[in-house]
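# Structural description and commentary
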Amino acid sequence: MPCKSCGSGNLSKFTGEMGIRSLGLKNIDKPVVWVFPELVVCFDCGIAEFGVPEAELRLLAKGDAAAG
């Protein structure tokens, strides 16, 4: 499958971990939602794509994460 941004076939998959937090100082007290997605990285244009798992997506949509 080619890169959706530049059309290159020079892609590779990785696993990642990231904390997602709402923007702004008003949200500083909200916990981080941790996700461990599979990333697809294009080595030509540098774009990376990932999906957020369903359980974490629900937490983000509700606006409150489970601590820990």
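Look above for the structure.
Here the structure is a predicted model, which means the values were calculated and not measured.

Turning next to the pattern of salt bridges. Scanning all chains against the criterion turns up 3 salt bridges. Between glutamate 49 and lysine 4 there is a salt bridge; the shortest N-O distance is 3.8 Å. Here lysine 4 lies in the segment before strand E1 (11-15) and glutamate 49 lies in strand E5 (residues 48-49), a separation of 45 residues in the sequence.

Looking now at the environment of phenylalanine 43. Within the secondary structure, phenylalanine 43 sits in the loop between strand E4 (38-42) and E5. A C-alpha to C-alpha distance of 29 Å links phenylalanine 43 and valine 32, two positions 11 residues apart in sequence. In contact with phenylalanine 43, not counting residues within four places along its chain, are Asn10, Leu11, Ser12 and Phe14.

It is worth spelling out the layout of surface pockets at this point. In this approach the atoms are scanned with a rolling probe the size of a water molecule, which exposes any empty space left behind. If you add up the space inside the largest pocket, you get close to 170 Å³. Met1, Pro2, Cys3, Lys4, Leu11, Lys13, Val40, Val41, Cys42, Ile47, Ala48 and Glu49 together form the lining of the largest pocket. Among the elements that line the lining of the largest pocket, the one with the most residues is E4, at 3 residues. A breakdown of the residues in the lining of the largest pocket according to their chemical character gives 9 nonpolar, no polar and 3 charged.

This next bit is on the side chain of asparagine 27. With respect to the helices, strands and loops of the structure, asparagine 27 is situated in the loop between strand E2 (18-20) and strand E3 (33-35). A residue is classified by how much of its surface remains accessible, and asparagine 27, at 10% relative accessible area, is buried. Look past the residues within four positions of asparagine 27 in its chain and what remains in contact with it is Arg21 and Ser22.

Quick notes on the rules
- Residues numbered from 1 in each chain as written.
- Predicted model: local features only at pLDDT ≥ 70, side-chain atom pairs only at ≥ 80, totals over all residues.
- Heavy atoms only, no water.
- Salt bridge = Lys/Arg side-chain N within 4 Å of Asp/Glu carboxyl O.
- Helix = DSSP H or I, 4+ residues; strand = E, 2+ residues; numbered from the N terminus.
- Contact = heavy atoms within 4.5 Å.
- 1 Å grid on protein atoms, 1.4 Å probe; cavity = no way out; pocket = protein on both sides within 12 Å on 5 of 7 lines; lining within 4 Å.
- Points joined across faces, edges and corners; volume = space filled by probe spheres on them.
- Nonpolar A, V, L, I, M, F, W, Y, C, P; charged D, E, K, R; others polar.
- Buried < 20%, exposed > 50% of the residue type's maximum accessible area, 1.4 Å probe, protein only.

None of the figures reported here should be taken as evidence of function without further support.
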